[in-house]
Amino acid sequence: QSVLTQPPSVSGAPGQRVTISCTGGGSNIGAGYDVHWYQHLPGAAPKLLIFGTTNRPSGVPDRFSGSKSGISASLAITGLQADDEADYYCQSYDLSLTRIFGGGTKLTVL
Amino acid sequence: QVQLQESGPGLVKPSETLSLTCTVSGDSISNSDWSWLRQPPGKGLEWVADLYSSGTTYYNPSLQTRVSMSVDTSKNQLSLKLRSVTAAETAMYYCARWIGGPTGWFDPWGQGTLVTVSS
């Protein structure tokens, strides 16, 4: 069982906006630690999408954005495209001195 | 650009030691901090170990008594050893560059190597 909780799946039609939530607790996200997001396509290396809660690496489209409030963070994807279909994972730091991940969310583009 | 490639035996017997290698290209391994992570089939990602460029290592507390991570700068390679493995440690194992300190992120990642623990 993952320390950070994500919905197992989300879906949306092309062009729509979807959000993926990532809920932690007072010893991680609620303690003020940054959240990072990754996109994982089957058979490929996980790819960094968002770092430091809101920052996009070079090359990541501005359709992807991150935010945080309280003990939760969110990844928003606008203008949904077929090749956005993938698994998405959030990651943060916990006061137990570990890096922690969410269980992953499978995004389906309808 | 930095690229990482994991390699390993594929199959390890229960109670034996899992040994993996990660070859880094595109930069000197001494210039960055590095990590190992894993993902059991159908489950989420788990951080395993960190190695600072200074040589200091940090391990997931749940694995600390069985895991070790090291570097071979002459080959630009990382290694991971996990002793006394069980079937529950069947997983895809990834190496990644770690950026931003303890609260930082992983970028880039290797494609991973699947390790099955079975007799």
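Higher on the page you've got the structure.
Remember, predicted model here, so these are calculated numbers, not experimental data.

This part covers the overall build of chain A. Across its full length, chain A carries zero helices and nine strands. Start at the N end of chain A and walk to the C end: the helices and strands fall as β-β-β-β-β-β-β-β-β. By the compact-globule yardstick of 13 Å for 110 residues, chain A fits well, its C-alpha radius of gyration being 13 Å. Expressed along its principal axes, the backbone C-alpha trace of chain A runs to roughly 40 × 25 × 25 Å. With 110 residues in all, chain A has 45% of them scored as buried. Long-range pairs, those at least 24 residues apart, make up 56% of the contacts in chain A with a sequence separation of at least 6. Carbon and sulfur atoms make up 50% of the accessible area of chain A, which totals about 4800 Å². Taking the average location of the 7 positive side-chain charges in chain A and that of its 7 negative ones, the two points are 4 Å from each other.

This part covers the nonpolar core. Counting 26 residues, the largest nonpolar core has B:L18, B:W34, B:W36, B:M69, B:L78, B:L80 and B:Y93 as its most contacted members. Listed by contribution, the elements that provide at least two residues to this core are strand 3 (18-25), strand 4 (33-39), strand 5 (46-51), strand 7 (67-72), strand 8 (77-82), strand 9 (91-99) and strand 11 (113-117) of chain B. Broken down by element, the residue count for this core peaks at four residues, all from strand 3 of chain B. In this structure, B:L18 is in contact with B:V12, B:L80, B:K81, B:L82, B:V85, B:Y93 and B:V115, ignoring residues within four places of it in sequence. Grouped together as the second largest cluster of nonpolar side chains are 22 residues, A:I20, A:I29, A:I50 and A:I77 included.

Turning our attention to the side chain of B:S35. Residues and elements named next belong to chain B. Take S35: it is sitting in strand 4. In terms of polar contacts, S35 uses its side chain to reach the side chain of D50, at 2.5 Å. If we skip the residues at most four places from it in the chain, S35 touches W47, A49, D50, M69, Y94, C95, A96, W98 and F106.

Further remarks concern the interface of chain A and chain B. Each partner contributes residues to the interface: chain A has 21 residues there, and chain B has 22 residues. Buried surface at the junction of chain A and chain B, summed over both partners, amounts to about 1700 Å²; 62% is from carbon and sulfur atoms. Summed over the three residues of chain A that lose the most area to chain B, namely A:P46, A:R99 and A:F101, the buried surface amounts to 37% of that side. The interface formed by chain A and chain B contains one salt bridge. Residue B:D50 pairs with A:R99 through a salt bridge whose shortest N-O separation is 2.7 Å.

Cut-off values and rules
- Residues numbered from 1 in each chain as written.
- Chains lettered and ligands numbered in written order.
- Predicted model: local features only at pLDDT ≥ 70, side-chain atom pairs only at ≥ 80, totals over all residues.
- Heavy atoms only, no water.
- Helix = DSSP H or I, 4+ residues; strand = E, 2+ residues; numbered from the N terminus.
- Rg over C-alpha atoms; globule rule 2.2 N^0.38 Å.
- Buried < 20%, exposed > 50% of the residue type's maximum accessible area, 1.4 Å probe, protein only.
- Contact = heavy atoms within 4.5 Å.
- Areas by Shrake-Rupley, 256 points an atom, 1.4 Å probe, with all protein chains shown as cover.
- Lys, Arg positive; Asp, Glu negative; His and termini not counted.
- Charge placed at Lys NZ, Arg CZ, Asp CG, Glu CD.
- Core = buried A, V, L, I, M, F, W, Y, C linked by side-chain atoms within 4.5 Å.
- Polar contact = N/O pair within 3.5 Å; in protein donor to acceptor, adjacent residues only side chain to side chain.
- Buried area = accessible area lost by both parts, 1.4 Å probe.
- Salt bridge = Lys/Arg side-chain N within 4 Å of Asp/Glu carboxyl O.

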